[in-house]
Amino acid sequence: MAETIYDVAILGGGPAGYTAAIRAGQYGLKVALIEKSEKLGGTCLHVGCIPTKSLLFNAEVYDYLKHAKEYGIDGLGEGRVNWKAVLERKNQIVAKHAKGLEFLMRKNKVTVVQGFGKLTGPAKNGVVEVGVADGKGATIVQAKNIVLATGSDAKLLPGLTADDCILTNTEILSLEQVPKSLSIIGAGAVGVEFGSIFRSFGSEISIIEFLPRIVPNEDEDISKELVRTFKKRGIDINLGAKVEKVAKTRSGVKVTFIASDGKKMEKEAEKVLVAVGRAPRTEGIGFEMTKIKPERGFIKVDEWMRTEEPGIYAIGDIVAGMPQLAHTGAMAGMVVAAKIAGKYARPIRRERVPACTYTEPQIGSVGLTEALAKERGYTVKVGKFPFSANSKASIVNSHEGFVKVVADAKYGEVLGVHIIGPQATELIAQAVTALELEATVEEMMFTIHAHPTLSEAMLDGFGSVEGMAINV
Ligand SMILES: Cc1cc2nc3c(=O)[nH]c(=O)nc-3n(C[C@H](O)[C@H](O)[C@H](O)COP(=O)(O)OP(=O)(O)OC[C@H]3O[C@@H](n4cnc5c(N)ncnc54)[C@H](O)[C@@H]3O)c2cc1C
């Protein structure tokens, strides 16, 4: 293998790495993709985006069935969750897409090398080497460019190890049955998504969050609305809570924390999910032999994803200051591939990366929150339109939430859009396009949205910035 000098070798076959590989292949580059696991797809396909959204869909179907009578369907009752079948369906979806990736690698003439890759040092005569060990032996992959895309792992609290009671996103996806009760430490996207899903399946949920808000990166109004709807669904929420201890008991796990009022509290549940963020998987990749100086494990890059070491790029969850999202990593992969191929590319702009949280109700947001826009010195104009006034929301019986638009008062440019409500994760794409094209509120107000659709709530959202929403 060492005789071949690839144009690019990519370390890690998650969404960042495999997207870079496919796009580089499309440009006609000679590509090697090094992956330590047997299957391509990374966190996203195996223990992240895809399996969680598969469970979420089952949860949604179950929620509809619980109210079948309301939709004029008699005789169903509440039904019972066949958890084994739910997991089986999830596993089939994952397996199908893992196979799909193998096909895409063949289609784009990407050489997949299985094994753990490690840099052997800086480029010599324009060639960088990666040593790949697969347990049976070692081989060297040589390339003109290296892209690091090794992803991230769930963080645990100090002293904890994941098992069948103390769970991370990996263990929770293969539980033998739906837990009667589940405590969740951390209310970022991962924590609230699992809370929402397992609540629909009937678990008692307690969320314990250190910060004063759930989904703390979202606009404050979004956090408030999610708290309101979660409470309505019977989810217990503890904010500003400092976890002191997580201890196993005879029947499960007890979390002891200091509540926001200073009182010591205890929550006992069958299982606890620790969802306190993700740490970059950058140990053992051989940085010490290069100019790359990770910061708390994260890798610094410039706008073209170049590290401090010539010929070495980094993309995905390991990159410092980028949202740890599959679509950010995938786009970074496309940018890198274009750059290496000498083709047109645009750098990623952080404020144009959509963030989606797949709860019930869903959240989709992009751009500046109201607070951040003010902090940056904008005079802002804000509009808010409730889904309760949208006809399609009535048809699909989903009235919670709103569309909030943050605009610059001076020129009318759309600075941010924050949606909580039905299909928010789909609706947000239009706002991303608006930001990408630097659209103004006025332009969006004269963009035709089909009727009756949830998208019309966006039209009314833009209109509401000028106090001219039609439907309220
Ligand atoms: C529960 C959960 C739900 C999520 N839901 C969403 C969602 O809905 N939408 C979204 O956008 N994001 C979601 N994410 C985040 C998303 O999964 C990550 O942002 C994404 O997977 C990061 O992609 P990546 O390619 O950087 O890394 P990863 O997906 O982690 O892939 C890295 C790959 O590199 C391999 N690797 C590591 N080290 C080496 C090495 N030295 N040599 C060879 N191979 C190596 C690993 O085996 C792995 O396959 C979710 C995450 C979690 C945990």
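To keep things clear, this report deals only with the structure shown in the data block. (Residues numbered from 1 in each chain as written. Predicted model: local features only at pLDDT ≥ 70, side-chain atom pairs only at ≥ 80, totals over all residues. Heavy atoms only, no water.)

**With respect to the packing of helix α1 (residues 15-26) against helix α4 (residues 83-107)**
The contact between α1 and α4 brings their axes to 9 Å, and the two run at 30°. Relative to α4, α1 is oriented roughly parallel. Note on packing geometry: the crossing formed by α1 with α4 is left-handed. Residues Y18, A21 and I22 of α1 touch α4, and the partners they reach there are L101, L104 and M105. A per-class count over the contact of α1 with α4 returns six nonpolar, no polar and no charged. (Axes fitted to C-alpha atoms, helices over the stretch in contact; angles between N-to-C directions. Helix = DSSP H or I, 4+ residues; strand = E, 2+ residues; numbered from the N terminus. Parallel < 35°, antiparallel > 145°, perpendicular 65-115°, else oblique. Left-handed = near helix turned anticlockwise from the far one by under 90°. Contact = heavy atoms within 4.5 Å. Nonpolar A, V, L, I, M, F, W, Y, C, P; charged D, E, K, R; others polar.)

**A short note on α1**
Taking 1.5 Å of rise per residue, twelve residues should cover 16 Å, and α1 covers 16 Å from first to last C-alpha, within 8% of that figure. Burial within α1 is extensive, with ten of its twelve residues counted as buried. By the burial criterion, the buried members of α1 are P15, A16, G17, Y18, T19, A20, A21, I22, A24 and G25. Next to the buried residues of α1 lie β1 (5-11), β2 (31-35), α2 (42-47), α4, β3 (110-114) and α7 (326-341). The first or second residue beyond α1 is G28, which carries a positive phi of 85°. (Expected span 1.5 Å × (residues − 1). Buried < 20%, exposed > 50% of the residue type's maximum accessible area, 1.4 Å probe, protein only.)

**Thoughts on the sheet that holds strand β18 (residues 355-357)**
Strand order across the open sheet formed by five strands is β18-β19-β22-β21-β20, with antiparallel pairing between neighbours. This sheet does not close on itself; its edge strands, each paired only once, are β18 and β20 (380-386). Direction aside, neighbouring strands of the sheet carry axes that sit 10° apart on average. Alignment of β20 against strand β21 (residues 402-408), held across seven bridges, turns out to be antiparallel. Each bridged residue has a counterpart across the sheet, and for K381 the counterpart in β21 is A407. Across the sheet, helix α12 (residues 456-465) lies against β20, β21 and β22 (414-421), angled at about 140° from β20, the strand it touches most. (Pairing = 2+ DSSP bridges.)

**A closer look at the site of the ligand**
Within the structure, the ligand sits among 36 residues, and E35, T43, K53, D317 and A326 are positioned closest to it. Contacts to the ligand include L325, whose backbone N or O atom sits 3.3 Å from an oxygen atom. Broken down by element, the shell around the ligand gets its largest block of residues, four residues, from α2. Split by residue class, the shell around the ligand holds 13 nonpolar, 17 polar and six charged. (Near = heavy atom within 4 Å. Polar contact = N/O pair within 3.5 Å; in protein donor to acceptor, adjacent residues only side chain to side chain.)

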